Amino acid sequence: MIVIPAIDLQGGEAVRLYKGDYSKKTVYSSHPEELAKKFEGMGAKFLHVVDLDGAKDATTANAQTIKKIRDAISIKMELGGGIRNEETVAYYLDEIGIDRVILGTAALTNPEFVKSCIKRFGPDRIVVGVDIKNGFVSTSGWLETSQVNYLDFIQTLEEAGVTTIVCTDISKDGTLTGPSFPVYEEIAKHSKINFVVSGGVKDDQDIYKVNELGYYGCIVGKAYYEGAVHLEEVIKNVG
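Residues numbered from 1 in each chain as written. Predicted model: local features only at pLDDT ≥ 70, side-chain atom pairs only at ≥ 80, totals over all residues. Heavy atoms only, no water.

Turning our eyes to something else, we now look at the overall build of the protein chain. Secondary structure summary: the protein chain contains eleven helices and twelve strands in total. For the protein chain, the C-alpha radius of gyration of 16 Å lies close to 18 Å, the compact-globule estimate for 239 residues. Counting only C-alpha atoms, the protein chain reaches 40 × 40 × 35 Å along its principal axes. Split into buried and exposed, the 239 residues of the protein chain put 57% on the buried side. Sequence-distant contacts, at least 24 apart, represent 67% of the contacts inside the protein chain between residues at least 6 apart. Carbon and sulfur atoms make up 46% of the accessible area of the protein chain, which totals about 10200 Å². Of the side chains in the protein chain, 26 bear a positive and 34 a negative charge, and the two mean positions are spaced by 1 Å. (Helix = DSSP H or I, 4+ residues; strand = E, 2+ residues; numbered from the N terminus. Rg over C-alpha atoms; globule rule 2.2 N^0.38 Å. Buried < 20%, exposed > 50% of the residue type's maximum accessible area, 1.4 Å probe, protein only. Contact = heavy atoms within 4.5 Å. Areas by Shrake-Rupley, 256 points an atom, 1.4 Å probe, with all protein chains shown as cover. Lys, Arg positive; Asp, Glu negative; His and termini not counted. Charge placed at Lys NZ, Arg CZ, Asp CG, Glu CD.)

Right, dumping it as structure tokens:
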């Protein structure tokens, strides 16, 4: 399993939202690239970055900050938030040097876009974010909820050639109340897709449990920033 520390960007700063609410944020650093270097120093092999402004407005608002982060580290990096056309995918993968991008809203509204990206860039470089609210897929930076069941959506993604997803239960994100293990159990039961557990991690034991269950990866955000996860030790023990 891979342990993936997270940096969420808003206005060039590293922040965390509470349950995806843009009005409930905590700023953790004005220099996200320094945070990224710290994570690399702790042994992280992958970094998860989300452009919150991009997710909300479908822009590349934090592109300069993202480039700073990319230039500061040598570990792999995935990026999500507002990536809704092939030009933006190509920009981040080919020009900025991101290892893989995470498609969200566009994957739901335009399935052909996902297929086209996989064909052009390869399945290893295209990940889809499956954000869940009350069993349904949420879009537009978590501001809108569709009528599409998350398991149905994952099946559609598999059929389109997607091999990896990042799955977040919005009701858990930033709450430090533990991941939605029943949701992940359902995914594992109904799908062979690689999935990254995201949202709600509260302590080291949550990460060890994800590892014991044999899941592909686990994102750690607020729990690290609040001092509840011993990241370096966990990375050493897990992977």
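Having seen it, we continue.
Where burial is concerned, the two faces of strand β12 (residues 217-220) agree: the one with G217 and I219 and the one with C218 and V220 are both buried. Relative to β12, strand β1 (residues 2-10) is paired through four bridges, and the arrangement is parallel. Looking across to β12, one finds that P5 is bridged to V220. Between strand β11 (residues 194-198) and its parallel partner β12, the chain crosses via helix α9 (residues 204-212), and the hand of that crossover is right-handed. (Pairing = 2+ DSSP bridges. Right-handed = clockwise from strand over helix to strand, strands pointing away.)

All right, on to the nonpolar core then. Membership of the largest hydrophobic core comes to 70 residues, with the highest contact counts inside it found for I7, F39, V89, L103, V130, I165 and I187. Apart from residues no more than four positions distant in its own chain, I7 is found in contact with A14, P32, L35, A36, F39, L47, H48, V49, V50 and Y225. Core analysis: the next-biggest nonpolar cluster, separate from the first, contains eight residues, I4, A6, F46 and V196 among them. (Core = buried A, V, L, I, M, F, W, Y, C linked by side-chain atoms within 4.5 Å.)

Further remarks concern the side chain of T65. With respect to the helices and strands, T65 occurs in helix α3 (residues 63-72). Not counting the four nearest positions on each side in its chain, T65 is found in contact with L9, G12 and P32.

This part takes up the packing of aromatic side chains. Under the criterion given, the structure shown has seven aromatic pairs. Taking the centre distance of 5.2 Å and the plane angle of 55° together, the rings of Y91 and Y92 count as tilted. By relative accessible area, Y91 is classed as partly exposed at 26%. A relative accessible area of 1% places Y92 in the buried class. Arranged with centres 5.8 Å apart and planes meeting at 10°, the rings of Y184 and F195 form a pair that is stacked. With a gap of eleven residues between them, Y184 in helix α8 (residues 181-190) and F195 in strand β11 connect regions that are remote in the sequence. (Phe/Tyr/Trp six-rings, centres within 6.5 Å; stacked < 30°, edge-to-face > 60°.)

Quick look at the packing of helix α1 (residues 32-41) against α3 now. Viewed as axis vectors pointing N to C, α1 and α3 meet at an angle of 30°, and their least axial separation amounts to 8 Å. In terms of their interaxial angle, α1 and α3 are classed as roughly parallel. Between α1 and α3 the crossing geometry is right-handed. Packed against α1, whose contacting residues are P32, E33, A36, K37 and E40, the element α3 presents T65, K68, I69 and A72 at the interface. Of the residues belonging to the contact of α1 with α3, the class tally is four nonpolar, one polar and four charged. (Axes fitted to C-alpha atoms, helices over the stretch in contact; angles between N-to-C directions. Parallel < 35°, antiparallel > 145°, perpendicular 65-115°, else oblique. Left-handed = near helix turned anticlockwise from the far one by under 90°. Nonpolar A, V, L, I, M, F, W, Y, C, P; charged D, E, K, R; others polar.)

Here we take up the side chain of R16. Mapping R16 onto the fold places it in strand β2 (residues 13-18). For R16, the side chain forms a polar contact with the side chain of D8, separated by 2.8 Å. Those residues in contact with R16 that lie beyond four places of it in its chain are A6, D8, K24, K25, T26, Y28, D173, G221, K222 and Y225. (Polar contact = N/O pair within 3.5 Å; in protein donor to acceptor, adjacent residues only side chain to side chain.)

This part covers the pattern of salt bridges. According to the stated counting rule, one finds ten salt bridges in the structure shown. Across the salt bridge formed by R100 and E78, the nearest N and O atoms sit 2.8 Å from each other. On the criterion of sequence distance, the pair formed by R100 in strand β6 (residues 100-103) and E78 in strand β5 (residues 76-80) is long-range, its members being 22 residues apart. E78 carries the same exposure label as R100, and that label is buried. Of the charged contacts in the structure, one is a salt bridge between R125 and D94, with a shortest N-O distance of 3.8 Å. With R125 in the loop between α6 (111-121) and β7 (126-133) and D94 in helix α4 (residues 86-96), this residue pair connects regions lying 31 residues apart in the sequence. (Salt bridge = Lys/Arg side-chain N within 4 Å of Asp/Glu carboxyl O.)

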